[in-house]
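One letter stands for each residue in the lines below.
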Amino acid sequence: MKCDEKLVRLEETYGDWVKQEKENCRMSSGEMTKELYPYQALFSPIQVNKTMIKNRVVMGPMGNLNMCEESGRPNDKMLQYFFARAKGGTGLLTTGLIPVSHGIDPTVTEVDDLSLFPRIDHARTVFAGWRDLTQGVHAYGSKIFIQITPGLGRVGPPTCVMTKHKIPVSASVNPSFYIPQLPCIPLTDANLKKIVKNCGQAAADAKEMGLDGIYLHGHEGYLLEQMTNPAFNRRQIGRYKDYEMFGLDIIREIRKRAGDSFPIMYRIDLSLALNETYQERMNEVSSLKRFKNGRTIKDTLHYMAKLVRAGVDLFDVDLGCYDNWWLPHPPEGMPAGCFLDMSKIAKEFFRRNRIKSNAGMDVPVVAVGKLGYPDIAEKAIRDGDCDMVMLARPLLADPDWCNKAFAGNVEEIRPCIGCQEGCVNEFILGGHPQCAVNPRTGFEERFPETFTPAEKKKNIAVVGGGPAGITFALIAAKRGHNVTLYEKSERLGGKIAVGSIPKIKFDLRNYLAYLEKQVELCQEQYQLQVHKNTTVTAELLKEKAYDSVIFAYGTKEIFPPFEGREEANLILGTDLLEHPEKAEGANNIVIVGGGVVGCETAHWLANEYGKNVTVLEMLPHFMMGVCTANRGHLLHYLEKSGVRLYNCTKVKALAKDGVYVEQNQSQTVPDPYNTWQPLLPPNIPNPMEKAIKEEIVEKKIPADLIVLAMGGKADETFFFEAGEEHLAKEIYNIGDSSRAGRVLEAVRGAYHLAVRI
């Protein structure tokens, strides 16, 4: 099994970087500082083929699912979404992947030929949407490339089996990513040649529609990668047994149809890094065994040189695929600038071998991977690690990222928190692009950029200074209301103030700092008062006689009445995060609750404090409902940190020196460290899933300290009391005190109320 030692070291760094003392630099935390302002490298122009791009910022492709009519024609939602980023100063925009294999790859089309994806291959009826999109983007001086994909193949949704009775396709007989027991059938050479023709036609149509270039998705294990990587392409006969041929044929066809001056961009990973990620598991896990022979970095560089000779003008490069999903979708726990080593390798390869594009120019390399921190992005270009930087989620969080960075207003940039709940999980659940911290993302066509002044100015009390309360208070005050924000603790932020303590949560710390700055600015410019260390009572609200009261006071901790809790050394996870000194002297720590808080606390204790940690979870899986990339990253590095994960394990009693449990030790219990297979949404049945049998064993797990991390539940007590006593003419309940959830729901609910009240 081939392993690249450099990648082995790099992959390990993605988990243990928190043990280093470095801060605010690549391969560490990132902060929204402006020490390198003005950003002369970042905002210098660059020429690609014959196209001039005004700055070095590329909007990364985020799937535009459900941003179109069911025929595939881009709708106003998609247009306004891109217009906002163009107006925000981005030099080059790229669309999400646009399949050109409808009718060939059954995973890209819904029943009755309906489409979740925008289309450019369907009929001329879709063209008007593309023409409107390009004209609007060009009005702001930005350029836009369309990202096309030959298909999804084994990583496409397996629902096509249930809804259309069609089996997914791939380069060879490969297991479906979502249901490994489901084999994908190999595409014929005839179908592949048809896809090649479709790519050429899409490029010709894109050029005619005014789009500025073609962007091929040859990464993440999509169909183009399946054909061009020997890990997936094990064909023995035919033209495409040569794993490089399919990609080269597509580039030649695009050049033939669109001409020599139409820019072509190619997205590629220098390595799947599967061998380096899973090592011996590549020999043990049936769905991974056949993927051991992936391209090495050297193989990929030589393939890239051939792609350039065929007509590619620029590349963006990183690592990984769906089977180690946290690499191509780096979550909050990954360090800043995590793939700059990859872009530097590619850039130096082109320079060293004097490789020029067909236009006789240097081949620019775009760096990707957590570069939404202006100083780190600027330094990467200055140091020659890359020629451009790609920002995807940072531009969902703040479409004005470029304008703010250019003006030096870095502290006003709304930072991405890396949760991937709105930008990735929404796709899985049937939604469209959204953002946890920017409630306008994906709703630009519904909500204007500026707030409508309130028709009647009201005196409003907001009870709770978490993300929901702060979001509501800021918007309501800007609309002209007189707002008073009450927070019972000494600091704003609610649960995110506690959740931002572990080093892997540096993105959340940035968001907290942003909220605090926004509150400060709003207090200076609008009618917003903030009272910290204040517990709101019914008497206080009666005395003030507010027109409206907004409850956003969060959740109540779940604290089950376990037997023996009085004698156990017991602490709530949130309390321990705020007071880590309470873990001093405790070597063996047991965490009860395998949700995201429990697992993040385990990572924090193991990596920052060197504790021996065990996490107990009643359910079959840890962190159910969490984005696959975030979940996978945390599980993978919990295992590397030696954290023991026990699923299907029920707590029976607590003791001074341990926890008594009933553990299901059946071989049918899922592997808690399984990161190579995602969890399907509950509404999508897996017909091949095996039932879990029971073999219950009672045991005692030693513990010097027991941490309860079982989450919280909505506490509507005060809200109902306020209604009964008519404490105001208008009473609302938002955020976790209404429905315990995530930042996404809290901020979105607060925004929807604040723009209308």
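Conventions we followed
Residues numbered from 1 in each chain as written. Predicted model: local features only at pLDDT ≥ 70, side-chain atom pairs only at ≥ 80, totals over all residues. Heavy atoms only, no water. Helix = DSSP H or I, 4+ residues; strand = E, 2+ residues; numbered from the N terminus. Buried < 20%, exposed > 50% of the residue type's maximum accessible area, 1.4 Å probe, protein only. Contact = heavy atoms within 4.5 Å. Salt bridge = Lys/Arg side-chain N within 4 Å of Asp/Glu carboxyl O. Pairing = 2+ DSSP bridges. Axes fitted to C-alpha atoms, helices over the stretch in contact; angles between N-to-C directions. Parallel < 35°, antiparallel > 145°, perpendicular 65-115°, else oblique. Left-handed = near helix turned anticlockwise from the far one by under 90°. Nonpolar A, V, L, I, M, F, W, Y, C, P; charged D, E, K, R; others polar.

- Under an unreviewed UniProt entry, the name given to the protein is NADH:flavin oxidoreductase/NADH oxidase N-terminal domain-containing protein, and the organism recorded is Mediterraneibacter gnavus.

1. Topic: the environment of valine 659
Moving on, step 1. Structurally, the position occupied by valine 659 is in strand 25 (residues 658-664).
Moving on, step 2. Valine 659 gets classed as buried once you look at its relative accessible area, which sits at 0%.
Moving on, step 3. Along the sequence, valine 659 and valine 437 sit 222 residues apart, while their C-alpha atoms lie 38 Å from each other.
Moving on, step 4. Valine 659 has contacts with Val590, Leu616, Val651, Ala653, Leu654, Lys699, Lys700, Ile701 and Ile706, leaving out every residue within four places of it along the chain.

2. Let's talk about the pattern of salt bridges
Moving on, step 1. This model, assessed by the stated rule, comprises 38 salt bridges.
Moving on, step 2. A salt bridge links aspartate 249 to arginine 239, with the shortest nitrogen-to-oxygen separation between them at 2.8 Å. Of this pair, aspartate 249 sits in helix 7 (residues 245-258) while arginine 239 sits in the loop between helix 6 (223-228) and helix 7, and the two are ten residues apart along the sequence.
Moving on, step 3. Of the charged contacts, one joins aspartate 249 and arginine 252 as a salt bridge, the two residues approaching to 3.3 Å between their closest N and O atoms. Taken together, the residues aspartate 249 and arginine 252, both in helix 7 and three residues apart, mark about one turn of the helix.

3. Thoughts on the pairing of strand 11 (residues 264-271)
Moving on, step 1. For strand 11, the tally of buried residues reaches eight of eight residues, placing the bulk of the element in the interior.
Moving on, step 2. Two strands pair when backbone bridges link them, and strand 10 (residues 213-217) and strand 11 are joined in this way by four bridges, in the parallel orientation. In the strand pairing of strand 11, histidine 217 is matched with arginine 267.
Moving on, step 3. When strand 11 meets strand 12 (residues 314-319), the two strands line up parallel, connected through six bridges. Residue pairing in the sheet places serine 271 in a bridge with leucine 319 of strand 12.

4. Points about the packing of helix 7 against helix 11 (residues 297-310)
Moving on, step 1. Relative orientation of the contacting elements helix 7 and helix 11 amounts to 20°, with a least axis distance of 9 Å. By the angle between their axes, helix 7 is roughly parallel relative to helix 11. Helix 11 is crossed by helix 7, and the crossing has right-handed handedness. Between helix 7 and helix 11, the contacting residues are Gly247, Leu248, Ile251, Arg252 and Arg255 on the first element and Tyr303, Lys306, Leu307 and Ala310 on the second.
Moving on, step 2. A breakdown of the residues in the contact of helix 7 with helix 11 according to their chemical character gives five nonpolar, one polar and three charged.

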